[in-house]
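Notes for the structure review
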Amino acid sequence: MYGLCPHRYFPLAQGKLVGDNIQCGYHGFTFAPKGKCVLIPSQGTGSGFVQPVYRVVEKAPLIWIWMGDQALADPDQIVDYSEIGLSQAGWRNSDPLYFHLNGRSQLLVDNLMDLTHLAFIHPQIDGGAAIVNTKYIYEQKGATFRVTRPMDMPWTGFHDFLYGPAVRFEGISRVESVTDFYGPEFIRTGSPVTIAIEGYDAVPDGIGLVYFLHGITPETATTTHYFGLSTRNFRLTDNGLSQALLEIDILTREQDVVAINLVERRLQDAVARQQELLVKSDTAAVRVRGIIQGMLDKENLSNLSGEQGCGSIKASGPEVGD
Ligand code: FES
Ligand SMILES: [Fe+2]
């Protein structure tokens, strides 16, 4: 249900449930599940007014909402949980984390599509420096726009932390960092996956996958609800690892929140003053801005840019240079 009461615009989330109805916490106007105003206490009547409602799909542990044309709501567009290790046999996921961003959702998408920030914003991630200057492979992979960064690197402290010293091996291995953009509302980043390829050291058993999931829900033009989860398919019963992973996950996302809030604070001044300096590592972010703009155009929502919805800086930048 649209979250602001039509009477004095009090947030309905601050009200309470009365049976299945929502009662506004200010003057008690009460709305039935389909939005109809069924009680105005000061009059003892209902009203013909209907508060807008939106379709949701509950798919544990997340709830998915479609705020566009309700006739176009298509549950099949929800990310396939088997691809992200969520609620799957053989996988374990953290409890969902929530962060409130004082920044537009696009800044979070930009952040996740350019992981060269790892070495600078997240110094706790050992091996982050290796990602700063790597090759990029871009591809449309199923439902996603995928960026892969292959790196040849030795075993790091981060590997030790994830997999335990028991599977440590000396030598160089091929490590891939993969980011999958499923849409403006959902991105999956993988912790670097160590893979065996010819010419590199063999990778021992016991090395698995960790995904960091990012649920991105615009709240206003310049604020965002940020939901985070991690999933993994190894050391499933190791609660110590779960706890340590949760702590590093919270720290990492908080660092991004701080950075994005700082960017948003001066963004309007900055874009008025100088053009964004886009470089090679921005290619994915720029491609993705184009994809989002295409989706907005398709829904005839391009006028939302900068006012509501994604609040894009610009859909596609100038040619990406060095
Ligand atoms: S603001 Fe909700 S009842 Fe008055
Ligand atoms: Fe980050």
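Calculation notes
Residues numbered from 1 in each chain as written. Chains lettered and ligands numbered in written order. Predicted model: local features only at pLDDT ≥ 70, side-chain atom pairs only at ≥ 80, totals over all residues. Heavy atoms only, no water. Buried < 20%, exposed > 50% of the residue type's maximum accessible area, 1.4 Å probe, protein only. Helix = DSSP H or I, 4+ residues; strand = E, 2+ residues; numbered from the N terminus. Pairing = 2+ DSSP bridges. Core = buried A, V, L, I, M, F, W, Y, C linked by side-chain atoms within 4.5 Å. Contact = heavy atoms within 4.5 Å.

1. Some remarks on the pairing of strand S15 (residues 223-232)
Among the 10 residues that make up S15, 8 are buried, leaving the element largely enclosed by the rest of the structure. Judged from the 2 bridges that link them, strand S7 (residues 92-93) and S15 form a sheet pairing that is antiparallel. If you follow Arg92 over to S15, its bridge partner there is Arg232. Note that strand S14 (residues 210-220) and S15 share 10 bridges and pair antiparallel. Bridging from a neighbouring strand, Tyr211 pairs with Thr231 of S15. Remark: 2 residues form the turn of the hairpin made by S14 and S15, two consecutive strands paired antiparallel.

2. Observations regarding the nonpolar core
For soluble globular proteins, the rule of thumb is that nonpolar side chains tend to be buried together. Ranked by internal contacts, the top residues of the largest apolar core, which has 23 residues, are Leu108, Val109, Met113, Phe145, Phe181, Ile187 and Val288. Those elements that place two or more of their residues in this core are strand S8 (97-101), helix H2 (105-113), strand S10 (144-154), helix H5 (239-273) and helix H6 (283-298). For Val109, the residues in contact, after removing those within four places along its chain, are Phe181, Pro184, Ile187, Ile216, Val288 and Ile292. By size, the runner-up hydrophobic cluster in this structure holds 13 residues, among which are Trp155, Phe158, Val210 and Leu245.

3. Some remarks on the sheet that holds strand S1 (residues 16-18)
Strand order in the open sheet formed by 4 strands is S1-S2-S3-S4, with antiparallel pairing between adjacent strands. Looking at which strands have only one partner, the edges of the open sheet turn out to be S1 and strand S4 (37-39). Looking at chain direction, strand S2 (residues 21-23) and strand S3 (residues 30-31) are connected through 2 bridges and run antiparallel. Among the inter-strand pairings, Gln23 is bridged to a residue of S3, identified as Thr30.

Remember, this is a structural readout, not a statement about activity or role.
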